[in-house]
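Structure at a glance
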There are 2 protein chains.
Amino acid sequence: MSAQTLAIGLLLYPDLTQLDLTGPFEVFARAPGAQVHLIWKTREPVVSDRGMAILPSTTFEACPKLDVLCVPGGPGQIALMEDNDTLAFIRRKSAEVNLLTSVCTGSLVLGAAGLLQGRKATCHWGSLSQLALLGAEPVGERVVRDGNLITGAGVTSGIDFALSVVAALYGDEIAQAIQLQMEYDPAPPFDCGSPRVASAEQVARASAQAAGFIAKRLKATQKAALRLSNSACRS
Amino acid sequence: MSAQTLAIGLLLYPDLTQLDLTGPFEVFARAPGAQVHLIWKTREPVVSDRGMAILPSTTFEACPKLDVLCVPGGPGQIALMEDNDTLAFIRRKSAEVNLLTSVCTGSLVLGAAGLLQGRKATCHWGSLSQLALLGAEPVGERVVRDGNLITGAGVTSGIDFALSVVAALYGDEIAQAIQLQMEYDPAPPFDCGSPRVASAEQVARASAQAAGFIAKRLKATQKAALRLSNSACRS
């Protein structure tokens, strides 16, 4: 693996949360010589959960050998968890990459592909506990590394995550130069960006608002866990 | 202006820095009832400075009445500064919006449109001083408000900026809920994301690397300043 020719692939799928992908893309694309690929089944526009249409740059079939695969999150992850073509692509690529990675609920897709058994991983705070059903050890941190697996927590964590990935691949100096280029010296207007710092009332309100959707995601995670256990029994 | 039906427009132009747009998009699109538009001359895919292709959702001609206009930055801003169609569109919209806004070097485009005379504004740290040539008062802060003008600094500032815009339009509680949904509790791996905190050596290296491009941008800013002054003499 030469740092000059790294191929980094991001899965671009319907109903993803676009910032889970666009944050890391901006960081990765600034790494010297990196080729960043946006991968889906076809090269037709893919529409995010909130309506932004982005074009894939390659397909499962045409995708070159990757050094890094990253699966972002978002509501579309529920469909991916039982999409055999996507799970097979991720499994195939997981064998060739140097780093297997995810942002937000993308880690649940890695779990559904059977790739998180006994591994430490993170996820959006609202769905973190679901990782355990897929055999992972949930860790409530913003960026979690376990060997060749690096996972980021919810949405904006993707920027911290991607800088950590670049630091791991290219060294601190290049990651620091990118952080300065991107003026990443964050100053959030409020101190409420995770359950760690938000008020109990804010967390309760956010959880109540998301409850219906989280229950739907939980069902998909339970189904994926059942498929994993059945396939383990068969093998 | 009803908070339930706010129309927020982001200018999507060739060679923009996509995170300047995609960060704010993710925040704005979560505001209750907000309609977020990606605006360009045609609805053909627009390619960012680092190769991401995004589809506009409307055009200069078809764009509905906006409550907020946001101009992101990136190298393509140089061409915009002498693009009469774009400058005319921005001027026309500036008269109808409640908030005129920008991220990163998008503020230089607002300046080229003659909209920053005597106004406090910010920009990416590497080009901040150029604002003065366009009649603005450069302020080295991450988010700067001057009346109905809100500008954000470089790239990732767009997230802080957009949360501030949502707080201004919808109140703190809604902005805080969005910040928690997006798990925006940043933990950058390094403390070097602005000249304020980076080492002198890091800043010198970044400045040297960008010097050729910044000089090109400066020429465009000087030309825009000359056009503004000529048009002021004529009027």
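Keep in mind the model is a prediction, meaning the values are calculated, not measured.

Calculation rules
- Residues numbered from 1 in each chain as written.
- Chains lettered and ligands numbered in written order.
- Predicted model: local features only at pLDDT ≥ 70, side-chain atom pairs only at ≥ 80, totals over all residues.
- Heavy atoms only, no water.
- Helix = DSSP H or I, 4+ residues; strand = E, 2+ residues; numbered from the N terminus.
- Rg over C-alpha atoms; globule rule 2.2 N^0.38 Å.
- Buried < 20%, exposed > 50% of the residue type's maximum accessible area, 1.4 Å probe, protein only.
- Areas by Shrake-Rupley, 256 points an atom, 1.4 Å probe, with all protein chains shown as cover.
- Salt bridge = Lys/Arg side-chain N within 4 Å of Asp/Glu carboxyl O.
- UniProt positions renumbered as here; feature names shortened; annotations may be inferred.
- Pairing = 2+ DSSP bridges.
- Contact = heavy atoms within 4.5 Å.
- Axes fitted to C-alpha atoms, helices over the stretch in contact; angles between N-to-C directions.
- Right-handed = clockwise from strand over helix to strand, strands pointing away.
- Phe/Tyr/Trp six-rings, centres within 6.5 Å; stacked < 30°, edge-to-face > 60°.
- Least-squares fit on C-alpha atoms with pLDDT ≥ 70 in both.
- Buried area = accessible area lost by both parts, 1.4 Å probe.
- Polar contact = N/O pair within 3.5 Å; in protein donor to acceptor, adjacent residues only side chain to side chain.

When helices and strands are counted, chain A shows 7 helices and 11 strands. In terms of overall dimensions, chain A is globule-like: its C-alpha atoms have a radius of gyration of 17 Å, near the 18 Å expected for 235 residues. Once the C-alpha set of chain A is aligned to its principal axes, its extents read approximately 50 × 45 × 35 Å. A burial count over chain A gives 58% of its 235 residues as buried. In the structure as shown, chain A presents an accessible area of about 8,800 Å², 52% of it carried by carbon and sulfur atoms.

Okay, the pattern of salt bridges next. Per the stated rule, a full pass over the model turns up 22 salt bridges over all chains. Notably, a salt bridge pairs A:R50 with A:D49, separated by 3.0 Å at the nearest N-O pair. Here B:K41 and B:D83 are joined by a salt bridge, their closest N and O atoms 2.5 Å apart. One end of the pair, B:K41, is in the loop between β2 (35-40) and β3 (46-47); the other, B:D83, is in the loop between α2 (77-80) and α3 (84-94), and 42 residues separate them in sequence.

What follows covers the UniProt feature "domain: DJ-1/PfpI" (unreviewed entry) in chain A. What UniProt calls "domain: DJ-1/PfpI" (unreviewed entry) maps, in this numbering, to residues 10-167 of chain A. For residues 10-167 of chain A, the helix share is 28%, the strand share is 22%, and the end-to-end C-alpha distance is 18 Å.

What follows covers the pairing of strand β10 (residues 143-146) of chain B. All names here are of chain B. As judged from the 4 bridges shared by β10 and strand β11 (residues 149-152), these two strands associate in the antiparallel manner. Across the sheet, D146 pairs through a bridge with L149, a residue of β11. In this antiparallel pair of consecutive strands, β10 and β11, the connection spans 2 residues, and G147 shows a positive phi of 60 degrees.

Residue and element names in this part refer to chain A. The strand order across the open sheet formed by 7 strands is β5-β2-β1-β6-β7-β11-β10, and the pairing between neighbours is mixed. Because the sheet does not close on itself, it has two edges, and the strands there are β5 (58-59) and β10 (143-146). The pairing of strand β7 (residues 99-103) with strand β11 (residues 149-152) spans 4 bridges and is classified as parallel. Within β11, the residue paired with L100 across the bridge is L149. Helix α1 (residues 18-28) contacts β1 (7-11), β2 (35-40) and β7 of the sheet and is inclined by roughly 170 degrees relative to β1.

Moving on, we come to the pairing of β1(A). Residues and elements named next belong to chain A. Among the 5 residues of β1, 5 are classified as buried, and the element is accordingly described as predominantly covered. Neither face of β1 is open: one carries A7, G9 and L11, the other I8 and L10, and all of them are buried. In this structure, β1 lies alongside β2, joined through 5 bridges in parallel fashion. Each residue of the ladder has a partner; that of A7, found in β2, is Q35. Handedness of the crossover joining β1 and β2 through α1: right-handed. Here 3 bridges tie β1 to strand β6 (residues 68-71), and the two strands are oriented parallel to one another. By the bridge assignment for β6, G9 is matched with L69.

Two aromatic rings, taken as a pair, are described by how far apart their centres are and by the angle between their planes. Residue and element names in this part refer to chain A. In total, this model carries 6 aromatic pairs over all chains according to the counting rule given. With 5.7 Å between their ring centres and 80 degrees between their planes, W40 and F60 make a pair best called edge-to-face. Note that W40 is positioned in strand β2 and F60 in the loop between β5 and β6, a separation of 20 residues in sequence. For the pair W40 and F60, a shared accessibility class is recorded, and that class is buried.

Moving on, we get to helix α6 (residues 172-181) of chain B. Three or more residues of α6(B) are buried, namely B:A175, B:Q176, B:I178, B:Q179 and B:L180. Looking at the buried residues of α6(B), the elements they touch are α7 (200-234) of chain A together with α1 (18-28) and α5 (157-170) of chain B. Immediately beyond the C-terminal end of α6(B), within one or two residues, lies B:E183, with a positive phi of roughly 45 degrees.

With that out of the way, let us pick up the environment of A:I159. Take A:I159: it is sitting in helix α5 (residues 157-170). What makes A:I159 buried here is its relative accessible area of 3%. Ignoring any residue separated from it by four or fewer positions in sequence, one finds A:I159 in contact with A:G23, A:V27, A:Y184, B:L19, B:T156 and B:I159.

Residue and element names in this part refer to chain B. The backbone of C104 sits at a positive phi, close to 60 degrees, despite the residue not being glycine. Tracing the sequence through the fold places C104 in the loop between β7 (99-103) and α4 (106-112). Positioned with a positive phi, V155 is a non-glycine residue whose angle comes to about 30 degrees. Looking at the secondary structure, you find V155 in the loop between β11 and α5.

With that settled, consider the sheet that holds strand β6 (residues 68-71) of chain B. Residues and elements named next belong to chain B. A sheet is described by the order of its strands in space; here 7 strands give the open sequence β5-β2-β1-β6-β7-β11-β10, paired in mixed fashion. Either end of the sheet is taken by a strand with one partner, and the two such strands are β5 (58-59) and β10. In this structure, β2 lies alongside β5, joined through 2 bridges in parallel fashion. Its bridge partner being in β5, I39 is matched across the sheet by T58. Sitting on the sheet, α1 touches β1 (7-11), β2 and β7, and the angle it makes with β1 is about 170 degrees. Against the sheet, α3 contacts β1, β2, β6 and β7, and its axis sits at roughly 150 degrees relative to β6.

Further remarks concern the relation of the copies chain B and chain A. Screw-axis analysis of chain B against chain A gives a translation of 0.0 Å along the axis, an RMSD of 0.0 Å, and a rotation angle of 180 degrees. Put plainly, the chains are arranged around a two-fold axis. Residue B:I54, judged by its C-alpha, is the member of chain B lying nearest the rotation axis, at 2.3 Å. In this assembly, 100% of the residues forming the interface of chain B have copies in chain A that are likewise at the interface, indicating an isologous arrangement.

The subject of this paragraph is the interface of chain B and chain A. On the chain A side, the residues contacting the 61 residues of chain B number 61 residues. Interface area, chain B with chain A, both sides summed: about 5,100 Å², of which 60% is carbon and sulfur. Between chain B and chain A we count 6 salt bridges in total. B:E173 is paired through a salt bridge with A:R205; the nearest N and O atoms lie 3.5 Å apart. Linking chain B with chain A are 39 residue pairs in polar contact (both at pLDDT 80 or more).

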